[in-house]
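Residue-level structural notes
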Amino acid sequence: MKKENRNYMFSCIGASSSAHIVHEYQMEPYGRCDFLIRDKRTWHVVEVKRGTVPTSVVSQIDKYRLCAELEMSVWTHDEVKASVIAQDFSPYVRSELDRKSTRLNSS
């Protein structure tokens, strides 16, 4: 990933420039999260979509957040934040992600 794209993503989710990024992080048994960003004691699970986000992203990002929260039991991190980056969000998806405290970013 180019440095300017990495910096853009970090600014979208509120991560520091010193954060570590993992592409396609396997979150068994839930699937692969597009990006896991480790920023000190905070983990950011990030899903990136092209076009309008499908309604399935609501449960998808929720599963990734749950998996990362379960991994807090091994004391590697203290907080989990979820973000979805996409071109557009339907009103339903926007309201559901907002209700679950998921950060939304339109590109």
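Residues numbered from 1 in each chain as written. Predicted model: local features only at pLDDT ≥ 70, side-chain atom pairs only at ≥ 80, totals over all residues. Heavy atoms only, no water.

1. Overview of the packing of aromatic side chains
The geometry of two aromatic rings is summed up by the distance between their centres and the angle between their planes. Enumeration over the complete set of coordinates arrives at one aromatic pair. Considering the side-chain rings of Tyr25 and Trp43, the 6.2 Å spacing of their centres and the 75 degrees angle between planes classify their relative orientation as edge-to-face. Of this pair, Tyr25 sits in strand S1 (residues 20-27) while Trp43 sits in strand S3 (residues 42-48), and the two are 18 residues apart along the sequence. Both residues of the pair, Tyr25 and Trp43, belong to the buried class. (Phe/Tyr/Trp six-rings, centres within 6.5 Å; stacked < 30°, edge-to-face > 60°. Helix = DSSP H or I, 4+ residues; strand = E, 2+ residues; numbered from the N terminus. Buried < 20%, exposed > 50% of the residue type's maximum accessible area, 1.4 Å probe, protein only.)

2. Considering the pairing of S3
With six of seven residues buried, S3 is to be regarded as a mostly interior element. In the sheet, strand S2 (residues 31-39) pairs with S3 via five bridges, with the strands oriented antiparallel. Bridge assignment links Arg38 to a residue of S3, and that residue is Trp43. From the end of S2 to the start of S3, which pair antiparallel, there are two residues, and Lys40 there has a positive phi angle of about 55 degrees. Note that S3 and strand S4 (residues 79-86) share seven bridges and pair parallel. Across the sheet, residue Val46 finds its bridge partner in S4, namely Ser83. Taking the sense of rotation as the criterion, the β-α-β connection linking S3, helix H2 (residues 56-70) and S4 turns out right-handed. (Pairing = 2+ DSSP bridges. Right-handed = clockwise from strand over helix to strand, strands pointing away.)

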